[in-house]
Amino acid sequence: MLVLATFLTATFPPLLLTAFFLTHYRHRLGFRLGIKSFGLGLVAAALAILMGSALEAAAILPRYAIDDGLQGALWQALIDAGGRAAIPEEIAKFLMVWLVIRLSKDCDSGGDLFCGAILVGLGFAALENVLYVARASGNWAVIGTIRGMMAIPGHTIDGMFMGYFLALWWRKALPAVIAVLLALILPIAAHTLYDFPLMALDNVALLVVRTGLAPEPLEYLRFMQFGVMLVSALGAIWVARQELIEVWRTPTPDGDLHPADPIAVGWWRRAGWALAGFGAAVAALGIALWITDTQLLPAARGVLDDQSLQSFGRWLVWLFNRQTGQFLFGLALFPLAFAAILQMRAPKRIGNPFAIWPSRRPWA
């Protein structure tokens, strides 16, 4: 039972988003290509692991030590985020889309490339999440939940960026070289910027403990993390709007542009409202903890007076903390962004730029 719960915690978020995009592209992508794309994401994850191992064996990327100070800690975070994570992972996903999905007989539109890139990212995230949760021992539920709200949407957004520019390449809306380069470089940049503050926080926190470094850089890194997540969330909404709404207004739309199932769209709208409520609750809790930190933290620490190793008390100290409030507020951004995406449908009239979530569609 525990194994099943661990597996569901790791795979439910990517499977949910996969179902959404397959529903909206049911007549376009096709079930066969959709499943293949998700499976290629699993292959991409394995390929990225091999590429990362090869990089480590070749000792191409430098390693910094604690003696290198703050600058070394930041450089190490950047190298790990870009060289050891973003570059091999995004190249592996790009190769699956470009060399397999693009050449598939079922791929005959820009929308296929857009959705295929997302599904590759979701397959990648599913396997990566299973590996993280499987190694988490007693904390598997917490790690699975946090990764479901951060890492999996992050991989999805990277796939959306990649797929959007590959769709523009297909439609010849951009010069071919520029579109393909953007489809590879932008996800790498977004992935690097997402991972950098998280890794830098760990490195700098270690410096603070080991060397007595002033903790001010940690606050800047937390704000950077929030800023990167905010920009990524807004970028995801914009890209989804381009492909789910604006695509109906393009002079030369995809030849197989078809509406989503109206019943399925209705259910996804309800799911979007539920997700929005969840994101708003997490954000409200984060703001409350950030504001009331000085009142709640002493009360929480009081639990530790008699039994300093009491796990429930340690959890309370973590929860009633200003930094935890900041973290939870940032954690709410991706659920809110995807709640907005789940509400999207085609415009009421093709010429109406303000019809974002109308009740009527252009084919009605």
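For every chain, the first residue of the written sequence is number 1, and numbering continues from 1 along that sequence. Two thresholds apply to this predicted model, a pLDDT of at least 70 for residue-level local features and 80 or more for giving and counting side-chain atom pairs, whereas whole-chain, interface and lining totals are computed over all residues. Only hydrogens and water are set aside when side-chain values are computed; all heavy atoms of the structure are taken into account.

1. Remarks on the overall build of the protein chain
Consideration 1: Numbered from the N terminus, helices here are DSSP runs of H or I no shorter than four residues, and strands are runs of E no shorter than two. If you tally the helices and strands in the protein chain, you get 13 helices and zero strands.
Consideration 2: Listing each helix as α and each strand as β along the protein chain from the N terminus yields α-α-α-α-α-α-α-α-α-α-α-α-α.
Consideration 3: Each of the 364 residues in the protein chain was classed as buried or not, and the buried ones make up 50%.
Consideration 4: Any two residues whose heavy atoms approach within 4.5 Å are treated as being in contact. Considering only intrachain contacts with a sequence separation of at least 6, the fraction spanning at least 24 residues in the protein chain is 77%.
Consideration 5: Surface summary for the protein chain: the accessible area is close to 17,600 Å², and the carbon and sulfur share equals 70%. Note on classification: 1.4 Å probe, protein chains only; a residue is buried when its accessible area is under 20% of the maximum for its type, exposed when over 50%, partly exposed between these limits. The protein chains shown are the only cover counted for residues, whose accessible areas, like all others here, come from Shrake-Rupley with a 1.4 Å probe.

2. Topic: the pattern of salt bridges
Side chains that differ in charge, positive against negative, can pair when their charged atoms come close.
Consideration 1: Criterion for a salt bridge: a side-chain nitrogen of Lys or Arg within 4 Å of a carboxyl oxygen of Asp or Glu. In this structure the tally under the stated criterion is nine salt bridges.
Consideration 2: Across the pair glutamate 128 and arginine 147 runs a salt bridge, and its minimum N-O distance is 2.7 Å. A residue pair is termed long-range when its members are at least 10 positions apart, and glutamate 128 in helix H4 (residues 110–134) and arginine 147 in helix H5 (residues 140–149) qualify at 19 residues.
Consideration 3: Ionic pairing is found between arginine 222 and glutamate 219, a salt bridge with its closest N-O pair at 3.4 Å. Placement of the pair is arginine 222 and glutamate 219 together in helix H8 (residues 216–244), with a separation of three residues, close to one helical turn.
Consideration 4: Of the residues examined, arginine 222 reaches a relative accessible area of 22% and is grouped as partly exposed.
Consideration 5: For glutamate 219, a relative accessible area of 26% corresponds to the partly exposed category.
Consideration 6: Sharing partners across several salt bridges, the network here consists of Glu56, Arg63, Asp80 and Arg84.

3. Here we look at the nonpolar core
Consideration 1: By convention a nonpolar core is built from buried Ala, Val, Leu, Ile, Met, Phe, Trp, Tyr and Cys residues, the set being connected through side-chain atoms within 4.5 Å. In terms of nonpolar packing, the biggest core is built from 66 residues, with Val97, Ile101, Phe114, Met160, Leu166 and Ile341 touching the most fellow members.
Consideration 2: The contact partners of isoleucine 341, leaving out residues within four places of it in the chain, are Phe20, Met160, Ala236, Ile237, Ala240 and Leu244.

4. With respect to helix H9 (residues 262–291)
Consideration 1: A helix is expected to span 1.5 Å multiplied by its residue count minus one. Taking 1.5 Å as the rise per residue, H9 with 30 residues should run 44 Å; its terminal C-alpha atoms sit 43 Å apart, in good agreement.
Consideration 2: Within H9, burial applies to Ala264, Val265, Gly266, Trp268, Gly272, Ala276, Gly279, Val282, Ala283, Gly286 and Leu289.

5. A short note on the packing of aromatic side chains
Consideration 1: In this scheme Phe, Tyr and Trp rings, the latter by its six-membered ring, pair at centre separations within 6.5 Å, and the angle between planes marks the pair as stacked below 30 degrees, edge-to-face above 60, and tilted otherwise. With the rule as written, the count across this model stands at seven aromatic pairs.
Consideration 2: For the pair phenylalanine 94 and tryptophan 98, a centre-to-centre distance of 6.0 Å together with 10 degrees between the ring planes defines the contact as stacked. With phenylalanine 94 and tryptophan 98 both in helix H3 (residues 69–101), this residue pair falls four residues apart, about one helical turn.
Consideration 3: Judged by its relative accessible area of 10%, phenylalanine 94 is buried.
Consideration 4: Relative to phenylalanine 334, the ring of tyrosine 194 lies with its centre 6.3 Å away and its plane at 25 degrees, an arrangement referred to as stacked. Remark: phenylalanine 334 occurs in helix H13 (residues 333–342) and tyrosine 194 occurs in helix H7 (residues 176–211); sequence separation between them is 140 residues. The same class applies to tyrosine 194 as to phenylalanine 334, namely buried.
Consideration 5: A connected cluster of aromatic rings, assembled from ring pairs, spans Phe94, Trp98, Trp169 and Trp170.
Consideration 6: The criterion for a charge sitting over a ring is simple: Lys NZ or Arg CZ within 6 Å of the ring centre, and within 35 degrees of the ring normal. In this structure, lysine 93 is placed above the aromatic ring of phenylalanine 124, and the distance from its NZ or CZ to the ring centre is 5.1 Å.
Consideration 7: One cation-aromatic arrangement involves arginine 102 over tryptophan 98; the distance from NZ or CZ to the ring centre is 3.9 Å.

6. Digging into the confidence of the model for the protein chain
Consideration 1: With 76% of its residues at a pLDDT of 70 or more, the protein chain has an overall mean of 79.
Consideration 2: The least confident element of the protein chain, judged by mean pLDDT, is helix H11 (residues 311–319) at 44; the most confident is H3 at 93.
Consideration 3: Confidence drops under a pLDDT of 50 for residues 294–320, and excluding neighbours within four residues, the segment shows 24 contacts in the predicted structure.
Consideration 4: Residue-level confidence of the predictor is what pLDDT reports, using numbers from 0 through 100. Across residues 352–364, where pLDDT falls below 50, the model places 36 contacts with residues more than four positions away in sequence or in other chains.

7. Brief notes about a nonpolar patch on the surface
Consideration 1: Patch membership requires more than 30% relative accessible area and the absence of a salt bridge. Residues of like charge join within 9 Å; the nonpolar side chains Val, Leu, Ile, Met, Phe, Trp and Tyr join within 5 Å. On the surface, Ile287, Trp290, Ile291 and Phe329 cluster together to form a nonpolar patch covering roughly 360 Å² of accessible area.
Consideration 2: Position of phenylalanine 329 among the secondary structure elements: in helix H12 (residues 322–331).

8. Examining the packing of H7 against H8
Consideration 1: Interaxial distance between H7 and H8 falls to 9 Å at its minimum, and their mutual angle equals 165 degrees. By the angle between their axes, H7 is roughly antiparallel relative to H8. By crossing handedness, the relation of H7 to H8 is classed as left-handed. Note on element contacts: H8 touches H7 through Pro217, Leu218, Leu221, Arg222, Met224, Gln225, Val228 and Met229, opposite Leu193, Tyr194, Phe196, Pro197, Leu198, Ala200, Leu201, Val204, Ala205 and Val208.
Consideration 2: Residue composition of the contact of H7 with H8, grouped by class: 16 nonpolar, one polar and one charged. Fitted lines through C-alpha atoms serve as axes, helices being fitted only where they are in contact, and the angles separating the N-to-C directions of these axes extend from 0 to 180 degrees. Any angle from 65 to 115 degrees is called roughly perpendicular, while one under 35 is roughly parallel, one over 145 is roughly antiparallel, and all others are oblique. Crossings are classed by handedness, with left-handed meaning an anticlockwise turn of the near helix from the far one by less than a right angle and right-handed meaning a clockwise turn. Side-chain classes are defined by residue name, with Ala, Val, Leu, Ile, Met, Phe, Trp, Tyr, Cys and Pro counting as nonpolar, Asp, Glu, Lys and Arg as charged, and the others, Gly among them, as polar.

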